[in-house]
Amino acid sequence: MPAADPRLPLFLGLMSGTSADGIDAALVQFPTEGGCRFVHGHTFGWPPALRAELVALGQGREPTSLDALGQLDARVGIAFAEAANGLLAQAGVDRAQVRAIGSHGQTIRHRPAAEPAFTWQLGDASRIAELTGIATVADFRRRDVAAGGQGAPLMPAFHLAMLGSGDEDRAVLNLGGIANLSLIARDGSLRGFDTGPANALLDGWCQRHLGTPFDADGAFAAGGRVDAALLARLLAEPWFALPPPKSTGREQFHLDWVQARLDEPALAPADVQATLLELTAATVADALLAHLPGVKRLLVCGGGVRNPPLLRRIGARLPGVAVVSSAEHGLDPDFMEAMGFAWLARETLAGRPGNLPAVTGARGPRILGAIHPA
């Protein structure tokens with residue numbers, strides 16, 4: 001990993017996504033000439049019992065009590081703080097060099113269509129600031145929702161800043177628990193939205209049938225065959241037909257949603273996994289062809305970049321489009337979102353808006369997040 005430039009401040013991003021498979025921590029710098037210098041990164045696993053609680057809440061289970069929810073918020077904040085401190089220790093960096101932490105938190109509810117709309121991320125940022133001694137910016141999504149937006153996705157602004165090109169249209173695909181696209185036209189205009197489930201369903205089905213938290217190299221799916229009837233029932237979900245701006249989460253796409261569409265109990269688990277993989281590929285490709293049909297380059301990041309069968313199926317549905325890792329353009333695919341929240345923290349401290357109304361549907365640009373001083 002490149003050494004930090006002593007002339008530049010450091011920012012630390014913390015991210016745990018829909019799959020809740022770990023806390024991604026990234027230490028970065030932003031050179032004055034542009035771009036993002038990746039200094040160090042690591043993924044810290046959740047304690048299994050804590051992860052199980054977070055996944056259950058994300059799928060709609062009600063908390064047992066307000067006391068339990070309050071304690072969970074504190075425990076998640078402690079886990080994020082421990083990840084930040086662990087990353088600094090690994091990198092050998094003095095915390096005094098870090099200007100701020102940008103913490104996404106852990107989403108337990110995302111209801112942009114409710115009345116009133118809301119989104120909720122756990123992870124007490126005051127505790128992160130207290131335990132790290134570093135100013136912490138958090139709670140990025142709620143201001144956009146308050147302004148009438150979806151609160152998601154927030155990464156397109158970062159993608160535009162880091163990956164926009166005046167020479168070609170580009171799309172950036174994040175394959176996290178949920179898949180989302182940033183569509184960057186060569187004229188600098190941008191659209192972005194969630195396309196549907198990705199790792200959340202694949203990981204959940206794998207955990208249920210193999211007892212492992214994810215499908216390593218997509219081997220489970222590769223051993224199955226796509227069931228056309230099941231795929232058609234999954235694709236009939238009305239959410240897929242909604243126009244952007246739109247966002248979703250585990251509360252919409254979870255294993256009970258899959259189970260309700262399985263009318264063939266004898267279907268082999270590997271065939272269901274193969275069909276769920278094809279669902280992700282189909283919804284990504286359909287969205288890209290509908291909203292940026294002339295694109296020739298798709299830059300992929302997130303955990304799904306390590307699933308070769310998934311990338312092959314996306315490529316097969318997008319003839320003439322180069323499907324490549326964001327690493328080919330200098331951004332580590334495993335830490336893209338953590339880097340993005342470090343960048344959002346910088347934007348907040350500088351008093352600059354972090355949302356893009358064309359993406360989220362908000363009434364206008366807004367400075368995102370709350371600042372918790374060191």
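Residues numbered from 1 in each chain as written. Predicted model: local features only at pLDDT ≥ 70, side-chain atom pairs only at ≥ 80, totals over all residues. Heavy atoms only, no water.

*Asks:* What is the right way to read the overall build of the protein from this model?
*Replies:* Summing up its helical and strand segments, the protein has 13 helices and 13 strands in all. Here the protein has a C-alpha radius of gyration of 20 Å; the compact-globule value for 374 residues is 21 Å, and the two agree. When the backbone C-alpha atoms are referred to their principal axes, the protein occupies close to 60 × 55 × 40 Å. Contacts in the protein between residues at least 24 apart in sequence constitute 68% of all its contacts with a sequence separation of at least 6. Accessible surface computed for the protein: about 15,000 Å², of which carbon and sulfur atoms make up 53%. Averaging the coordinates of the 32 positive side-chain charges in the protein and doing the same for the 37 negative ones gives two points 3 Å apart. (Helix = DSSP H or I, 4+ residues; strand = E, 2+ residues; numbered from the N terminus. Rg over C-alpha atoms; globule rule 2.2 N^0.38 Å. Contact = heavy atoms within 4.5 Å. Areas by Shrake-Rupley, 256 points an atom, 1.4 Å probe, with all protein chains shown as cover. Lys, Arg positive; Asp, Glu negative; His and termini not counted. Charge placed at Lys NZ, Arg CZ, Asp CG, Glu CD.)

*Asks:* Help me understand helix α8 (residues 228-235), please; the structure alone is not making it clear to me.
*Replies:* Along an α-helix, a turn takes 3.6 residues, which lines up residues three or four apart on a common side. Where α8 is concerned, the buried positions are L230, L231 and L234. Down the axis, α8 shows its buried residues gathered within 100 degrees of arc, on one side only. (Buried < 20%, exposed > 50% of the residue type's maximum accessible area, 1.4 Å probe, protein only. Arc of directions from axis to C-beta.)

*Asks:* What is the right way to read the sheet that holds strand β4 (residues 98-103) from this model?
*Replies:* Strand-to-strand pairing in sheets goes through backbone hydrogen bonds, with the strands running parallel or antiparallel. Pairing is mixed across the open sheet formed by six strands, whose spatial order is β3-β2-β1-β4-β7-β13. Each edge of the sheet is formed by a strand with only one pairing partner; in this case those strands are β3 (37-44) and β13 (370-372). Strand-to-strand, the axes of this sheet are offset by a mean angle of 20 degrees, without reference to chain direction. In this sheet, β4 lies alongside strand β1 (residues 10-15) in parallel orientation, the contact comprising five bridges. Paired with L10 across the bridge in β4 is V98. Packed onto the sheet, helix α2 (residues 66-91) meets β1, β2 (23-29), β3 and β4 and runs at close to 130 degrees relative to β3. (Pairing = 2+ DSSP bridges. Axes fitted to C-alpha atoms, helices over the stretch in contact; angles between N-to-C directions.)

*Asks:* It is not clear to me how the environment of D332 should be interpreted in this structure. Could you clarify?
*Replies:* You can see D332 is positioned in the loop between β12 (322-325) and α12 (336-349). Relative accessible area serves as the criterion here: at 23%, D332 is assigned to the partly exposed category.

Nothing here speaks to function; it is all geometry.
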